[in-house]
Amino acid sequence: MSSSKTKSVFVCQSCGYESLRWMGRCPSCGDWNSLVEIQRDVKGKSAKKHRQATLVKLSEVRTKEGQRHPTGIGELDRVLGGGLVPGGVILLAGEPGIGKSTLLLQLTACYLCQSAKNLRRSLLYVCGEESPNQIKIRAERLGVSIGNLLLLPTTDTDEVLQVLSREKGLSLVIVDSIQAMTTIDLSGTAGSVGQVRESAARLIDWAKHSNVPLILVGHVTKEGNIAGPKVLEHAVDTVVYFEGDQYGQLRLLRATKNRFGRTGEVGVFRMSGKGLIAVADPSSLFLTNKKEGKISGAVKTVILEGTRPLILEVQAIATQSNLMSPRRLSRGVNRNRLQLYVAVLQKHLHLPLYKEDVILNIAGGIRVEEPAVDLACCLAIWSSYKNKIIPQDWIAFGEIGLLGEVRRVREEEKRNEEARRLGYKKIISAKTVSNLREVISFLFSRGR
Ligand code: TYD
Ligand code: MG
């Protein structure tokens, strides 16, 4: 089957496992018939052979750190740690329809108009998913002028590499998306692990050798047979996730890996009819409806996204259930944590929640991992069950332990500052109360 000169390997299309012989079942992930024969890239290998490996003294390495190019979108630069780095490869991952292409089109416009002052930049946008016509329509809708943007409508990685070797003086290359790219050297279909990995590897290799920043778009998919961004995370320099509620407006940009800066920083955007708009003061996004504070089951809290405090509203409903095992639904908070809140409230505040359906929601479609949200969640459930209103100028944060204790969370002072800045009068945290019972008696002592 394979000659002595070309090397064949079999790659599992589900998990990427490699084997020298064919097997009906992948020993790594257990999938059947998932191993596909691929020819090792002989051309690429021989090309690499001719490249002389050289030793470099660390003291003589020119640092790329000083050569950062801001993208012109402040929220994006904040996440990237200052801007694009020459030869740096960024993976922009997110669910389909979240706004990745929109963000990149806005980025190209900002990046090009920034460069008008100094040098002329040319950008290449490989559109594997949309036609130039569609991109033009979107650009018109966004009201951005990107006359200098070069579009390359193809899904063939080798064609892209040919163009890249021909076009000199590119200052940014965008590939939208990496799942659409294929190379004829492999037999797998577009989006399979083998194709995604190989296409990405060739493009990354080009970026590293030509010192041009490269952005790869990766769709997060739920099905296992299509390779998601996870298979590329190790190969790129920066992984940025774009997330949020598709049906809501809020979008968060979060770096989960960054070789050129810190992770944990978050960029906040709002999706509007005219594209993404940076939200400089995200806390104020949730404070528009003043009436909401007059309803039971709503509590404000302050979480930290990276270094940035964000004020959110936790909402809960506890209503009598007619089911044998009452419903526990949550949106924005892990369902296991909701179970924990219910158990703690039952045990330590003696709320008979075993008879109640409990539904918990974080307003704005944001997902919160931080335990600092615990106290507000418990209070929201309590408030709904007791039908007692928590005043709208009160705010609560803190982790809740199994003994009902309120624990300290990181950077409390920063949260306090943000709450005070936005006019909150009472802050309930581990500094003011030590357990849930105390919180409740504190609420009652104020005549509630
Ligand atoms: P898109 O960038 O195509 O998503 P992705 O590339 O991540 O798949 O975003 C598409 C969504 O964004 C679509 O549902 C419509 C919405 N949208 C707006 O609300 N306003 C706009 O100005 C644009 C361009 C898109
Ligand atoms: Mg897209």
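So, here's what we can say about the structure. Note on numbering: residues in each chain are counted from 1, in written sequence order. Numbering of ligands from 1 and lettering of chains from A proceed in the order in which they are written. The model is predicted, so local features are restricted to residues of pLDDT at least 70 and side-chain atom pairs to those at 80 or more, both for listing and for counting; the totals for chains, interfaces and linings are taken over all residues. With hydrogens and water stripped out, all remaining heavy atoms of the structure feed into the side-chain values.

### With respect to the site of ligand 1
Any residue with at least one heavy atom within 4 Å of a molecule or strand is counted as near it. By nearness alone, 16 residues border ligand 1, and Gly97, Ser101, Thr102, Ser272 and Gly275 come closest of all. For this analysis, a polar contact is any N or O atom pair within 3.5 Å, provided that within protein one partner can donate a hydrogen and the other can accept it, and provided that sequence-adjacent residues contribute only side-chain to side-chain pairs. Take Gly99: an N or O atom from its main chain is 3.0 Å from an oxygen atom of ligand 1. At 2.8 Å from an oxygen atom of ligand 1 is found a main-chain nitrogen or oxygen belonging to Gly275. Only the protein chains shown count as cover for residues, and the accessible areas themselves come from Shrake-Rupley with a 1.4 Å probe. In isolation ligand 1 has 560 Å² of accessible area, and contact with the protein removes 76% of it. Going along the chain from the N terminus, every DSSP run of H or I of four or more residues is numbered as a helix, and every run of E of two or more is numbered as a strand. Residue assignment for the shell around ligand 1 shows that the elements contributing at least two residues are helix H3 (100-115), helix H4 (132-142) and strand E11 (266-272).

### Description of the pairing of strand E14 (residues 308-320)
Following DSSP output, two strands are said to pair if at least two bridges run between them. Sheet analysis places strand E13 (residues 298-305) next to E14, joined by eight bridges and oriented antiparallel. Its bridge partner lying in E14, Leu304 is registered against Pro309. From the end of E13 to the start of E14, which pair antiparallel, there are two residues, and Gly306 there has a positive phi angle of about 70°. Two elements, E14 and strand E16 (residues 356-362), share seven bridges in a ladder whose sense is antiparallel. Considered in E16, the bridge of Ala316 is made with Leu360.

### Brief notes about the pattern of salt bridges
When a carboxyl oxygen of Asp or Glu lies within 4 Å of a side-chain nitrogen of Lys or Arg, that pair is called a salt bridge. Within the structure shown, the criterion is met by 23 salt bridges. Here the salt bridges share partners, and the residues they tie into one network are Glu243, Arg254, Glu305, Arg367 and Glu369.

### Observations regarding the side chain of Arg68
When you line up the elements, Arg68 lands in the loop between helix H1 (42-50) and helix H2 (74-80). Arg68 sits in the buried class, given a relative accessible area of 15%. Among the polar contacts listed, one links the side chain of Arg68 to the backbone oxygen of Gly81, at a separation of 3.3 Å. What Arg68 contacts, discounting residues up to four positions off in sequence, is Leu80, Gly81, Gly82, Gly83, Leu84, Val85, Phe260 and Gly261. Between buried and exposed lies partly exposed: a residue is buried under 20% and exposed over 50% of the maximum accessible area for its type, with that area taken using a 1.4 Å probe on protein chains only. Working rule for contacts: check all heavy atoms of both residues, and any pair within 4.5 Å makes them a contact.

### Structural notes on the sheet that holds strand E6 (residues 149-152)
The strand order E6-E5-E7-E8-E4-E9-E10-E11-E12 describes an open sheet built from nine strands, whose pairing is mixed. Across the chains shown, the open sheet's two edge strands, defined by having one partner strand only, are E6 and strand E12 (275-278). Ignoring which end each strand starts from, the neighbouring axes of this sheet average 25° apart. With four bridges joining them, strand E5 (residues 122-127) and E6 adopt parallel strand pairing. Along E6, the bridge assignment pairs Val126 with Leu152. To define axes, lines are fitted to C-alpha atoms, for helices over the stretch in contact only, and angles between the resulting N-to-C directions are given on a 0 to 180 degree scale. Set on the sheet, helix H6 (residues 193-210) makes contact with strand E4 (89-94), strand E7 (170-176) and strand E8 (214-219); between it and E8 the angle comes to about 160°.

### Considerations on the packing of aromatic side chains
Between two aromatic rings, the relevant description is the distance of the centres plus the angle of the planes. For this analysis, a ring pair means two rings from Phe, Tyr or Trp (six-membered ring only for Trp) whose centres lie within 6.5 Å, classed as stacked if their planes differ by under 30 degrees, edge-to-face if by over 60, and tilted for the remaining angles. Per the stated rule, a full pass over the model turns up two aromatic pairs. Taking the centre distance of 6.1 Å and the plane angle of 85° together, the rings of Phe242 and Phe269 count as edge-to-face. Taken together, the positions of Phe242 in strand E9 (residues 238-244) and Phe269 in strand E11 put the pair 27 residues apart, joining distant regions of the chain. What makes Phe269 buried here is its relative accessible area of 2%. With centroids separated by 5.9 Å and ring planes inclined at 45°, the aromatic side chains of Trp394 and Phe442 adopt a geometry described as tilted. With Trp394 in strand E17 (residues 394-396) and Phe442 in helix H10 (residues 436-445), this pair connects stretches of sequence that are 48 residues apart. Of the two residues, Trp394 and Phe442, both sit in the buried class. For a Lys NZ or an Arg CZ to count as sitting over a ring, it must be within 6 Å of the ring centre and within 35 degrees of the ring normal. Over the ring of Phe397 we find Arg415; its NZ or CZ atom is 5.8 Å from the centre of that ring.

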